[in-house]
Amino acid sequence: AQSVTQPDIHITVSEGASLELRCNYSYGATPYLFWYVQSPGQGLQLLLKYFSGDTLVQGIKGFEAEFKRSQSSFNLRKPSVHWSDAAEYFCAVNNDYKLSFGAGTTVTVRA
Amino acid sequence: DTAVSQTPKYLVTQMGNDKSIKCEQNLGHDTMYWYKQDSKKFLKIMFSYNNKELIINETVPNRFSPKSPDKAHLNLHINSLELGDSAVYFCASSHRTGSNQPQHFGDGTRLSIL
């Protein structure tokens, strides 16, 4: 079965600095990959998705992600974080209509 | 204009009780899901319904019984609640036209068992 791994449990970044969150997937063919964000006490909001085609995907809130087949990765990036980006971030792969989530990365933004 | 709405948002109850969580979506999707998020924030699928038919059942205790009266609603009934049932339960929906369809989530129901 397909799965994703998020190696970083917690990342602290200064406001205005760049952010990169790592996600590695395991699957032979091209996976359907997603990044979701969960703000405290909220549900999950879709940031972006990758199915095929252009390997650099643009999402909402200034986020982008790059699919790299050679590294089995789908890392999420933002050039300049805002305090409101403090949240839990989940990478997910669609596994026969079931989303399999990574363990999540908590992002803390310091002033 | 809420897309996926769950009620209640918070549920505090005693061990052994029976409770229900309701979910409704107004996105016109044909597939709905229940996920459980544990205290370590790990998310795992429990059930999925497509056009009122159960299509995914992920080794969930039979104390949990989903019900889909129509494709816009998926409710979750839990019998004989146990301490381990304490979690946040998320409802989601999507089109079942392909694995590339994103799922849209509700805000969750935080269930606390005393």
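Residues numbered from 1 in each chain as written. Chains lettered and ligands numbered in written order. Predicted model: local features only at pLDDT ≥ 70, side-chain atom pairs only at ≥ 80, totals over all residues. Heavy atoms only, no water.

Undergrad: If you had to explain the overall build of chain B to someone new, which residues and values would you point to?
TA: When helices and strands are counted, chain B shows 0 helices and 11 strands. Along chain B, from the amino end to the carboxyl end, the secondary structure elements read β-β-β-β-β-β-β-β-β-β-β. For the C-alpha atoms alone, the extent of chain B along its principal axes is close to 40 × 30 × 25 Å. Burial statistics for chain B: of 114 residues in total, 46% are counted as buried. Counting only contacts in chain B whose residues sit at least 6 apart along the sequence, the fraction spanning at least 24 positions is 54%. When the accessible surface of chain B is split by element, carbon and sulfur atoms take 48% of a total near 5,600 Å². Positive and negative side-chain charges in chain B, numbering 13 and 11 respectively, have mean positions lying 4 Å apart. (Helix = DSSP H or I, 4+ residues; strand = E, 2+ residues; numbered from the N terminus. Buried < 20%, exposed > 50% of the residue type's maximum accessible area, 1.4 Å probe, protein only. Contact = heavy atoms within 4.5 Å. Areas by Shrake-Rupley, 256 points an atom, 1.4 Å probe, with all protein chains shown as cover. Lys, Arg positive; Asp, Glu negative; His and termini not counted. Charge placed at Lys NZ, Arg CZ, Asp CG, Glu CD.)

Undergrad: Quick rundown of the overall build of chain A? Include the residues and the values.
TA: Tallying secondary structure elements over chain A gives 0 helices and 12 strands in all. For chain A, the α and β elements follow one another from N to C terminus as β-β-β-β-β-β-β-β-β-β-β-β. Relative to the compact-globule value of 13 Å for 111 residues, chain A shows a C-alpha radius of gyration of 13 Å, a close match. For chain A, the C-alpha atoms occupy an extent of roughly 40 × 30 × 20 Å along the three principal directions. Per-residue burial over chain A gives 47% buried out of 111 residues. Restricting the contact set of chain A to residue pairs at least 6 apart, pairs at least 24 apart contribute 54%. (Rg over C-alpha atoms; globule rule 2.2 N^0.38 Å.)

Undergrad: How would you explain the interface of chain A and chain B if you had to name every residue and give the values?
TA: Contact with chain A, which involves 20 residues of that partner, is made by 22 residues of chain B. Contact between chain A and chain B buries roughly 1,900 Å² in total, counting both sides, with carbon and sulfur atoms accounting for 57%. Here Lys98(A) makes a salt bridge to Glu58(B), at a shortest N to O gap of 3.1 Å. Where chain A packs against chain B, one counts 4 residue pairs in polar contact (both at pLDDT 80 or more). Contributions of two or more residues to the side of chain A that touches chain B are made by strand E5 (33-38), strand E6 (44-50), strand E10 (87-95) and strand E11 (98-101) of chain A. Looking at the side of chain A that touches chain B residue by residue, the class counts come to 11 nonpolar, 5 polar and 4 charged. (Buried area = accessible area lost by both parts, 1.4 Å probe. Salt bridge = Lys/Arg side-chain N within 4 Å of Asp/Glu carboxyl O. Polar contact = N/O pair within 3.5 Å; in protein donor to acceptor, adjacent residues only side chain to side chain. Nonpolar A, V, L, I, M, F, W, Y, C, P; charged D, E, K, R; others polar.)

Undergrad: Residues and numbers for the environment of Tyr49(B), please.
TA: Residue and element names in this part refer to chain B. Looking at the secondary structure, you find Tyr-49 in strand E5 (residues 43-50). Among the residues examined, Tyr-49 registers a relative accessible area of 11% and is labelled buried. Sequence-wise, Tyr-49 and Phe-90 are 41 residues apart; in three dimensions their C-alpha atoms are separated by 14 Å. Within the structure, Tyr-49 has its side chain in polar contact with the backbone oxygen of Pro-66 (distance 3.2 Å).

Undergrad: Tell me about the sheet that holds strand E3 (residues 19-25) of chain B, residues and numbers included.
TA: Residue and element names in this part refer to chain B. Pairing is antiparallel across the open sheet formed by 4 strands, whose spatial order is E1-E3-E8-E7. Only two strands of the sheet have a single neighbouring strand rather than two, namely strand E1 (4-7) and strand E7 (64-70). Strand-to-strand twist of the sheet, defined as the mean angle between neighbouring strand axes without regard to direction, takes the value 20°. As paired elements, E7 and strand E8 (residues 73-78) share 5 bridges and run antiparallel to each other. (Pairing = 2+ DSSP bridges. Axes fitted to C-alpha atoms, helices over the stretch in contact; angles between N-to-C directions.)

Undergrad: Outline the confidence of the model for chain A, supporting the account with residue identities and numerical values.
TA: Parts of the model with low pLDDT should not have their predicted coordinates read in detail. Of all residues in chain A, 99% have pLDDT values of 70 or greater, and the mean over the chain is 93. Per-element mean pLDDT across chain A ranges from 88 in E11(A) up to 98 in strand E3 (residues 19-21) of chain A. (pLDDT = per-residue confidence, 0-100.)

Undergrad: Which residues make up the state of the cysteines, and what values go with them?
TA: Residue and element names in this part refer to chain B. The final tally for this structure, using the stated rule, is 2 disulfides over all chains. Here Cys-23 connects covalently by a disulfide to Cys-91, the sulfurs 1.9 Å from one another. Taking the sign of the torsion about the S-S bond as the criterion, the disulfide between Cys-23 and Cys-91, at about -80°, is left-handed. Taken together, the positions of Cys-23 in strand E3 and Cys-91 in strand E9 (residues 87-94) put the pair 68 residues apart, joining distant regions of the chain. Here Cys-23 and Cys-91 have matching classes, each one buried. (Disulfide = S-S within 2.5 Å.)

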